[in-house]
Amino acid sequence: MIIPKTLVFHDCKQEALDVAIYNNSRLPKLLWNQGIIKHYHSNMSKEYLQQTHNDFSSDDGACCILHATVGASTGLDICGVHNDIQYGICKNMAEMVQCAGICGLFLLMAEQWVLNAALDNKPFDASDPNCPYAGMVKKNSLKQDRTGCAAIQLIHSTICLPQFFAKYLDDCSPTVLVGQD
């Protein structure tokens, strides 16, 4: 069985752990707890994080699916990742660009509230694309209120991801969409 290197980003540490455990239980019993599926977040020991990074980034490492928090999107430089999955919308486009990386497939699974968010009075503002949807936020604001307008606009957009990223990054270079179908 060949499992392509897949990096799955989650909003919280507990979710990354829970889904890794669940997915491990979905493997054939012979492959349970063989390190094929692991989780990765900041509360883990440096030794575990380093060993997991080495195992996931190595061509002959056992780890093929890594469930991590968004913190892993900046700091893990791993070649050969075929799939990036964002489980829940990122709070802003900077995180989204980091999570999407340069993999073969980026799958974003957004919550239902993102699809229902009204953007009529929230035009794309290049000067502040990550302006929170609610405007001002407090420490205990809901994810719906904290999430940047550009991230929500991405979900509502009809243009392809590279075009949206180019718009967000104000990248007008002639090669920005080269190789995009």
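- Under an unreviewed UniProt entry, the chain has the name Helicase C-terminal domain-containing protein and belongs to Paxillus rubicundulus Ve08.2h10.

Some points on the nonpolar core
Here is a general trend for soluble globular proteins: nonpolar side chains tend to be buried in one another's company.
Working step 1: In terms of nonpolar packing, the biggest core is built from 33 residues, with L7, F56, I89, M93, M96 and I152 touching the most fellow members.
Working step 2: Going through the elements one at a time, β1 (6–10), α2 (46–57), β3 (65–69), α3 (93–100), α4 (112–116), α6 (149–156) and α7 (161–168) are the ones with two or more residues in this core.
Working step 3: Element by element, the count of residues in this core is highest for α6, at five residues.
Working step 4: Split by domain, this core shows at least three residues from each of two domains, domain 1 (1–87) and domain 2 (112–180).
Working step 5: Ranked by size, the runner-up nonpolar core spans eight residues in total, among them V8, I36, I37 and I85.

Remarks on the pairing of strand β4 (residues 83–87)
Working step 1: The buried fraction of β4 is high, at four of five residues.
Working step 2: Here β1 pairs with β4 via four bridges, running parallel. Bridge pairing in β4 places F9 opposite Q86.
Working step 3: The pairing of β4 with strand β5 (residues 105–109) spans five bridges and is classified as parallel. Bridged to Y87 within β5 is M109.

Concerning α2
Because the α-helix completes a turn every 3.6 residues, residues three or four places apart line up on one side.
Working step 1: Between its terminal C-alpha atoms α2 stretches 16 Å, which fits the 16 Å expected from 12 residues at 1.5 Å a residue.
Working step 2: Looking at α2, one finds that the buried residues are L49, T52, H53, D55 and F56. When α2 is viewed along its axis, its buried side chains cluster within an angular range of 165° and face the same direction. Opposite the buried face of α2, by more than 90 degrees, sit the exposed residues K46 and E47.
Working step 3: Residues of α2 that are buried in the fold lie against β1, β2 (37–40) and β3.

Examining helix α1 (residues 13–25)
Working step 1: When the terminal C-alpha atoms of α1 are compared, their 19 Å separation across 13 residues agrees well with the 18 Å that a helix rising 1.5 Å per residue should span.
Working step 2: Regarding α1, the residues found buried are A16, A20 and N24. For α1, the angular spread of buried residues about the axis comes to 60°, placing them on one side.
Working step 3: As for α1, its buried residues are in contact with β1, β2 and β3.

Examining the packing of α3 against α7
Working step 1: Contact geometry of α3 with α7 gives a least axis separation of 11 Å together with a crossing angle of 135°. In terms of axis orientation, α3 runs oblique to α7. Every pair of crossing elements has a handedness; the one defined by α3 and α7 is left-handed. Between α3, through M93, A94, M96, V97 and A100, and α7, the contact on the second element is made entirely by F164, F165 and Y168.
Working step 2: For the contact of α3 with α7, a count of residues per class yields eight nonpolar, no polar and no charged.

Thresholds applied
Residues numbered from 1 in each chain as written. Predicted model: local features only at pLDDT ≥ 70, side-chain atom pairs only at ≥ 80, totals over all residues. Heavy atoms only, no water. Core = buried A, V, L, I, M, F, W, Y, C linked by side-chain atoms within 4.5 Å. Buried < 20%, exposed > 50% of the residue type's maximum accessible area, 1.4 Å probe, protein only. Helix = DSSP H or I, 4+ residues; strand = E, 2+ residues; numbered from the N terminus. Domains from an automatic or database assignment. Pairing = 2+ DSSP bridges. Expected span 1.5 Å × (residues − 1). Arc of directions from axis to C-beta. Contact = heavy atoms within 4.5 Å. Axes fitted to C-alpha atoms, helices over the stretch in contact; angles between N-to-C directions. Parallel < 35°, antiparallel > 145°, perpendicular 65-115°, else oblique. Left-handed = near helix turned anticlockwise from the far one by under 90°. Nonpolar A, V, L, I, M, F, W, Y, C, P; charged D, E, K, R; others polar.

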